[in-house]
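# Descriptive analysis of the structure
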Amino acid sequence: MIKEIYALGVGHGTPLFIELAEACGYKVVGLYHYNETRTGEYDHGYEILGAFADLMNFNIKGKSFMLTMGDMNIKNEISDNLIHYGGILPTLIHPTAVISKFVQISDSGVLINSHCEIHSDTKIDEGCVLWPRSTIEHDCRLHKYVFVGPNAYVGAYTEISDRAFIGQCSILMSNKAQAIGSSALVGAGALVTKPVPANSIVAGHPARLIKTL
Ligand SMILES: CC(C)(COP(=O)(O)OP(=O)(O)OC[C@H]1O[C@@H](n2cnc3c(N)ncnc32)[C@H](O)[C@@H]1OP(=O)(O)O)[C@@H](O)C(=O)NCCC(=O)NCCS
C-alpha cells in the first residue's frame with residue numbers, strides 16, 4: 001500500500017524534503033502554505049491544497065505530515081498542534097544515510113537527508129532536521145527541533161539544546177564545543193571551540209559571539 005504524506009511549507013527547501021519523502025516510499029499528496037492566497041497554485045508540480053489554518057478544519061487524524069520550513073520555532077508550534085489533533089509526523093531517514101545501530105532517534109518528525117552519518121550512542125529528539133551530508137559524531141545529544149545545515153560536522157560529546165541552528169559547513173569540535181544553548185545560532189563555516197550560550201549567534205574561525213538574540 002502506498003503511504004501518503006502532506007508537506008507543510010512552500011519554500012526553497014521544500015523540494016529537498018519532497019525527495020526525502022519519496023525516497024522513503026511516500027506519495028506526496030500536496031502542499032500547505034502559510035499564505036492562503038496561494039491555494040490552488042502549483043509548486044514544483046505539487047498542488048498547494050490550502051493554508052496552515054485550513055488544516056484545523058480538516059480531519060487530520062491518522063494522516064501523515066512533513067514540515068519543511070526552516071524556522072524551528074514555527075515547526076515546533078505547528079507540530080504540537082498537528083499531534084494534538086491526531087496527525088502523524090513520521091521520522092524520515094534517507095536510504096543513503098549511514099546510522100549506527102547504537103543510535104536512538106525519536107519516531108516523531110525527525111528528517112534525515114541523504115548521505116548523513118550518525119555515530120554510536122547519539123540520541124536525536126523529535127523534530128530535528130539534518131540537511132544532506134551532515135555528520136553527528138558519537139555520544140552527542142540533539143534535543144528537540146535542532147536544525148543541522150548541510151555538511152555541518154558535530155563532534156563527539158556535544159549536547160545541542162532545543163531549536164538551536166547549526167549552520168552549513170560548521171565544525172563543532174569534539175570534546176570542546178560541548179554544549180550549544182537553546183535557540184543559539186552557529187554561523188556558516190564556523191569552528192566552534194567552546195560552549196555557546198543560549199540565544200547567541202557565533203561565527204568565524206574560531207567562532208566568536210557576534211550577536212545576542
Ligand atoms: C551568522 C549569520 C546568522 C549572520 O547573519 P546576519 O546577522 O544577517 O549578519 P550579516 O550578514 O549582516 O553580517 C554581519 C557581519 O558578520 C559577518 N558574517 C556573517 N556571517 C558570517 C559567518 N558565517 N562567518 C563569519 N563572518 C560572518 C559578515 O561578513 C559581516 O561582517 P562585517 O560587519 O565585517 O561586514 C549568517 O551569516 C549565517 O552564517 N547564517 C547561517 C546560514 C546557513 O548556514 N544556512 C543553512 C541553509 S540550509
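Quick look at the structure, then. Since this is a predicted model, take the numbers as computed values, not measurements.

### Here's the deal with the overall build of the chain
Broken down by element type, the chain carries two helices and 24 strands. Computed over the C-alpha atoms, the radius of gyration of the chain is 17 Å, within 12% of the 17 Å expected from 2.2 N^0.38 for a compact globule of 213 residues. Along the first, second and third principal axes, the C-alpha atoms of the chain reach 50 × 35 × 30 Å. The buried share of the chain, reckoned over its 213 residues, is 49%. Long-range contacts, defined here as pairs at least 24 residues apart, represent 23% of the contacts in the chain between residues at least 6 apart. Split by element, the accessible area of the chain, about 10000 Å² in all, is 52% carbon and sulfur. For the chain, the distance from the average position of its 16 positive side-chain charges to the average position of its 20 negative side-chain charges is 6 Å.

### Focus on the nonpolar core
Of all hydrophobic cores here, the largest spans 29 residues; its most connected members are Leu142, Ile160, Leu172, Ile180 and Val192. Non-local contacts of Leu142, meaning those with residues more than four positions away in its chain, are made with Lys123, Ile124, Asp125, Cys128, Leu130, Ile136, Val148 and Ile160. Core analysis: the second largest hydrophobic core is formed by 20 residues, Val28, Tyr46, Met66 and Tyr145 among them.

### Here we look at the sheet that holds strand β13 (residues 135–136)
Read from one edge of the open sheet, six strands run β7-β10-β13-β16-β19-β22, paired in parallel fashion. Each of the sheet's edge strands pairs with one partner strand only, and the pair in question is β7 (98–99) and β22 (191–192). The pairing of strand β16 (residues 153–154) with strand β19 (residues 171–172) spans two bridges and is parallel. Across the sheet, the residue bridging to Val154 is Leu172, located in β19.

### Describing the pairing of strand β2 (residues 26–33)
Within β2, six of the eight residues are buried, which leaves it mostly tucked inside the rest of the structure. In this sheet, β2 lies alongside strand β1 (residues 3–8) in parallel orientation, the contact comprising six bridges. If you follow Glu4 over to β2, its bridge partner there is Lys27. In this sheet, strand β4 (residues 46–51) lies alongside β2 in parallel orientation, the contact comprising three bridges.

### Let's talk about the site of the ligand
With respect to spatial proximity, 14 residues lie near the ligand, and among them Gly167, Gln168, Gly187, Ala188 and Lys211 are the closest. Gln168 has a polar backbone atom sitting 2.8 Å from an oxygen atom of the ligand. A total of 910 Å² of accessible area belongs to the ligand in isolation, and the protein chains cover 43% of it. Secondary-structure elements contributing two or more residues to the shell around the ligand are β23 (200–203) and β24 (208–212). Here the shell around the ligand is built from residues that sort into nine nonpolar, four polar and one charged.

### Looking at the sheet that holds strand β11 (residues 123–124)
One open sheet holds the five strands; their spatial order is β8-β11-β14-β17-β20, and the pairing between them is parallel. Single-partner strands in this sheet number two, and they are β8 (104–105) and β20 (179–180). Relative to β11, β8 runs parallel, the two sharing two bridges. Counted as the bridge partner of Ile105 is Ile124 from β11.

### Re the environment of Val29
For Val29, the location among the structural elements is in strand β2. With 19 residues separating them in the primary sequence, Val29 and Ile48 have C-alpha atoms 9.7 Å apart. Setting aside residues no more than four positions away along its own chain, Val29 makes contact with Glu4, Ile5, Tyr6 and Leu49.

### Quick look at the packing of aromatic side chains
Using the criterion set out here, one finds seven aromatic pairs in the structure. Taking 5.7 Å as the distance between ring centres and 80 degrees as the angle between the ring planes, the aromatic pair formed by Phe17 and Trp131 counts as edge-to-face. Within this pair, whereas Phe17 is found in helix α1 (residues 14–23), its partner Trp131 is found in the loop between β12 (129–130) and β13, the two being separated by 114 residues in sequence. Between the aromatic rings of Trp131 and Phe147, the centroid separation amounts to 6.1 Å while the plane-to-plane angle is 40 degrees, which identifies the pairing as tilted. On the criterion of sequence distance, the pair formed by Trp131 in the loop between β12 and β13 and Phe147 in strand β15 (residues 147–148) is long-range, its members being 16 residues apart. For Phe147, a relative accessible area of 9% gives the class buried. Taken together, the aromatic side chains of Tyr6, Tyr32, Phe58 and Phe65 make up a single cluster linked through ring pairs.

Each value, and the rule that gives it
- Residues numbered from 1 in each chain as written.
- Predicted model: local features only at pLDDT ≥ 70, side-chain atom pairs only at ≥ 80, totals over all residues.
- Heavy atoms only, no water.
- Helix = DSSP H or I, 4+ residues; strand = E, 2+ residues; numbered from the N terminus.
- Rg over C-alpha atoms; globule rule 2.2 N^0.38 Å.
- Buried < 20%, exposed > 50% of the residue type's maximum accessible area, 1.4 Å probe, protein only.
- Contact = heavy atoms within 4.5 Å.
- Areas by Shrake-Rupley, 256 points an atom, 1.4 Å probe, with all protein chains shown as cover.
- Lys, Arg positive; Asp, Glu negative; His and termini not counted.
- Charge placed at Lys NZ, Arg CZ, Asp CG, Glu CD.
- Core = buried A, V, L, I, M, F, W, Y, C linked by side-chain atoms within 4.5 Å.
- Pairing = 2+ DSSP bridges.
- Near = heavy atom within 4 Å.
- Polar contact = N/O pair within 3.5 Å; in protein donor to acceptor, adjacent residues only side chain to side chain.
- Nonpolar A, V, L, I, M, F, W, Y, C, P; charged D, E, K, R; others polar.
- Phe/Tyr/Trp six-rings, centres within 6.5 Å; stacked < 30°, edge-to-face > 60°.

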